[in-house]
Amino acid sequence: MKRRISFTLNGEKVEAEVEPHWTLLRLLREVFELTGAKEGCGMGECGACTVQLDGKAVVSCLLPALEVEGKEVWTVEGLAERSPSGLHPIQQAFVQQGAIQCGFCTPGMIMSAKALLDENPRPTEEEIKTAISGNICRCTGYVQIIRAIKAAAEGGDDGGVEGSR
Amino acid sequence: MVKYDYLKARSVKEAIGWLKEYGSRAMLIAGGTDVMVGIKQGKFAPEVLISLRGIEELSYIRPEDQRLKIGALTTHRQLERSELIRERFGALADAVQNLGSVQIRNVATIGGNICNAAPSADTAPPLLIHEAEVTMEGPEGRRSMALEGFFLGPGKTALGPEEVLLEFSLPWPPDGAASAYWKHSRRQAMDLPILGVAMYLEAELKEAGPLGEAFAQGAPLEELLEALDRSEIYCKEVRLALGVAAPTPMRAKGAEAVLKGKRLSTEGLLEMGQVASEEAQPRDTVRGAAWYRREIIRVLPKRLALFCLKRITGRKG
């Protein structure tokens, strides 16, 4: 039996009908057609489905959809939409530093980086590594990814994009 | 995927009421990082999930009556961030730091880690050496017991079918005590331990100069042990707990007796390790063979004692 929930998705109040056994990932991809968050392993190990829940990075494949009632969810789509240049500074940095190869891990990596920088705008390399330790990149572009997050931290004195939180 | 109903409890009483109503068809879920994986793997097939996540009053870390009280729904991330835990309950801080990933730690709870009762639960050995008590509530009211008696087997605990775990309560350690946890694994993040070892050590520093200097110089393990032998440090109290060494997380009490009251030395710590490896009942698993686990149990107390001593001497300095 479907239940009605309401929450904030990428800055907008939304409502949806969800089955009790759905995960947030399924709700995002199948109802809202936001396919940035990917199902990699589906077991919380790979981080490709990472989104922000009330500012914190979480794996949406293990999050029961009903738990987002009244909460704030950000996906990678929300970052780009809200930026005048079309890309969030973290995304811009990923492009500039060549931190993207196949792109499958990228939305999750960016959301983990976003959660880190929101909380800690000047992270050390160790802190960056910890923040993305739950995001697997099988093209193994970790060096560039870490460099991109560092660049985004250094370049983003404005603390990211207005209204993106 | 299994279909189930999902009920969000607003209070412990409501959760207990639903447990009574649905019986074995229901299962409790907190952060969900084990339960959801278990459902996806076909290990669990509940008809009803009862979510405890909305019960905010079960999420806290607070000192009270010479004890530290931790609510069962406290996340690993909250524990990781706690200054109190880092300062006085080092083993627990060590354990949560490398558990899963940031995404997992943001939602996974300490109550869930313990109730899941995996032999590899990272928070179990630290809670055991800190002699944690657990409190639970059921239809008949509340009861408390030592965590040591809580684990009955892999995935099995003393929690009744209609009970909800509320709190962990740890005695406040005296000054001069420290604890540490070491997860022996191939990778620090996103990996289960091949073995987990936690030690609580209360030391009397008669003459700690050589060791203090060696720590200050960042000396390697062998040199630290030599410096320990040249120092005069006595073990007033020691507790050792092991994960993935038996069907449940365990205290190695025979090994503790070897060291208690004695002067700390490389030889004494090796003897402690030897006894602990005999007390353990490890199995051959995909992560490691039993003989290998015994071998690392034998050598790890040395390292753990040094971690504890570094914390103790660092504090004094």
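All values derive from a computational prediction rather than experimental measurement.

Parameters and conventions
- Residues numbered from 1 in each chain as written.
- Chains lettered and ligands numbered in written order.
- Predicted model: local features only at pLDDT ≥ 70, side-chain atom pairs only at ≥ 80, totals over all residues.
- Helix = DSSP H or I, 4+ residues; strand = E, 2+ residues; numbered from the N terminus.
- Rg over C-alpha atoms; globule rule 2.2 N^0.38 Å.
- Buried ≥ 20, exposed ≤ 12 C-beta atoms within 10 Å, placed from the backbone.
- Contact = placed C-beta atoms within 7 Å.
- Nonpolar A, V, L, I, M, F, W, Y, C, P; charged D, E, K, R; others polar.
- pLDDT = per-residue confidence, 0-100.
- Domains from an automatic or database assignment.

1. With respect to the overall build of chain A
- When its secondary structure is counted, chain A shows six helices and five strands.
- Counting from the amino terminus, chain A carries its helices and strands in the arrangement β-β-α-β-β-β-α-α-α-α-α.
- Its C-alpha radius of gyration of 15 Å places chain A within 12% of the 15 Å reference for a compact globule of 165 residues.
- Over its C-alpha atoms, taken along the principal directions, chain A stretches across nearly 45 × 30 × 25 Å.
- Across the 165 residues that make up chain A, the buried fraction comes to 49%.

2. With respect to the interface of chain B and chain A
- Contact residues are listed per partner, giving 23 residues for chain B and 22 residues for chain A.
- In terms of residue class, the side of chain B that touches chain A is made up of 11 nonpolar, seven polar and five charged.

3. Points about the confidence of the model for chain A
- For chain A, mean pLDDT is 92; residues scoring 70 or higher make up 94% of the total.
- In the model, residues 157–165 of chain A has pLDDT below 50 throughout and makes 16 contacts with residues more than four positions away in sequence or in other chains.

4. Side note on the domain arrangement of chain B
- When its domains are assigned, chain B resolves into domain 1 (5–51), domain 2 (57–171) and domain 3 (177–316).
- Put simply, the middle of domain 1 of chain B and the middle of domain 3 of chain B, counted by C-alpha atoms, are 38 Å apart.

5. A few points about the domain arrangement of chain A
Residue and element names in this part refer to chain A.
- Under the domain assignment used here, chain A contains domain 1 (3–78) and domain 2 (79–155).
- Between the C-alpha centres of domain 1 and domain 2 there is a distance of 20 Å.
- Across the boundary between the two partners, domain 1 contributes 18 residues, which contact 17 residues of domain 2.
- Elements supplying a minimum of two residues to the side of domain 1 that touches domain 2: β3 (50–53), β4 (56–59) and α2 (76–81).
- Of the residues in the side of domain 1 that touches domain 2, the class split is seven nonpolar, eight polar and three charged.

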